[in-house]
Amino acid sequence: KDLAKWLALEVGKPLIEGEGEVVGGADIFEWNAEETKRIFGQTVESRFEDTRVQVIYQPIGVVAALIPWNFPIVLAARKISTALAAGCSVIVKPDVITPGAVMELMNIVNKHPEYLVGKAIDIITDKGQYLTVEEFLKSIEKLKVRIQK
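Residues numbered from 1 in each chain as written. Predicted model: local features only at pLDDT ≥ 70, side-chain atom pairs only at ≥ 80, totals over all residues. Heavy atoms only, no water.

Asker: Let's hear about the overall build of the protein: which residues, and what values?
Answerer: Broken down by element type, the protein carries five helices and five strands. For the protein, the succession of helices and strands along the chain, N to C, is α-α-β-β-β-α-β-α-β-α. Here the protein, with 149 residues, has 32% of them falling under the buried criterion. Considering only intrachain contacts with a sequence separation of at least 6, the fraction spanning at least 24 residues in the protein is 68%. (Helix = DSSP H or I, 4+ residues; strand = E, 2+ residues; numbered from the N terminus. Buried < 20%, exposed > 50% of the residue type's maximum accessible area, 1.4 Å probe, protein only. Contact = heavy atoms within 4.5 Å.)

Written out as structure tokens, the structure reads:
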């Protein structure tokens, strides 16, 4: 209900529509959590008779999740849960119009550190209206240092 209230305040959605978006976001988190059970490598045949190709899935690094204003919970859930399911850390940057809804979602995610083992999740908010590319990249570097500690 808190997330739906944030959506009503920030985006101007009716409360019932905000509740629907929150349920959709929860479904996305659940779906990606279930998909982690099926992430395993595979061996596929090559076009050469004496060669096989082995596919290994592994995290690739820090994910920068830029969240738009129109569906902040669903789109944040899609980006955050997919990155965490893949084993990557995430930096979330909400839109200046809807930072509260995304911050509340981040509070919910951070209340369950048992799902963040070996990963980190952080949020960036604007100082003004815009965040430069350099500032965003500095934030990624800071998160990398935190993960290595």
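Asker: Go over the packing of helix α1 (residues 2-10) against helix α2 (residues 15-35), please, and point to the residues and values.
Answerer: Relative orientation of the contacting elements α1 and α2 amounts to 125°, with a least axis distance of 8 Å. It follows from the interaxial angle that α1 and α2 lie oblique. Of the two possible hands of crossing, α1 and α2 adopt the one that is right-handed. On the side of α1, the interface is formed by Leu3, Ala4, Lys5, Leu7 and Ala8, while α2 contributes Leu15, Gly18, Glu19, Glu21 and Val22. Split into classes, the residues belonging to the contact of α1 with α2 amount to six nonpolar, one polar and three charged. (Axes fitted to C-alpha atoms, helices over the stretch in contact; angles between N-to-C directions. Parallel < 35°, antiparallel > 145°, perpendicular 65-115°, else oblique. Left-handed = near helix turned anticlockwise from the far one by under 90°. Nonpolar A, V, L, I, M, F, W, Y, C, P; charged D, E, K, R; others polar.)

Asker: Give me the lowdown on the confidence of the model for the protein, citing residues and values where you can.
Answerer: The predicted coordinates of low-pLDDT regions are not to be read in fine detail. For the protein, per-residue confidence averages 84 on the pLDDT scale, and 85% of positions sit at 70 or higher. Per-element averaging of pLDDT across the protein places helix α5 (residues 133-148) at the bottom with 65 and α2 at the top with 95. (pLDDT = per-residue confidence, 0-100.)

Asker: An account of the pairing of strand β2 (residues 52-55) is needed here, citing residue identities and associated values.
Answerer: For strand β1 (residues 42-45) and β2, the ladder comprises four bridges, and the chain directions are antiparallel. Its bridge partner lying in β2, Glu45 is registered against Arg52. The loop that links β1 with its antiparallel partner β2 comprises six residues. (Pairing = 2+ DSSP bridges.)

Asker: Got a sec to walk through α1? Specific residues and values, please.
Answerer: Within α1, burial applies to Leu3, Ala4, Leu7 and Glu10. Seen from one end, α1 has its buried residues packed into an arc of 140°, which puts them on one side. Taken together, the buried residues of α1 touch α2, α3 (72-85) and α4 (99-110). Gly12 sits one or two positions beyond α1 and adopts a positive phi of about 85°. (Arc of directions from axis to C-beta.)

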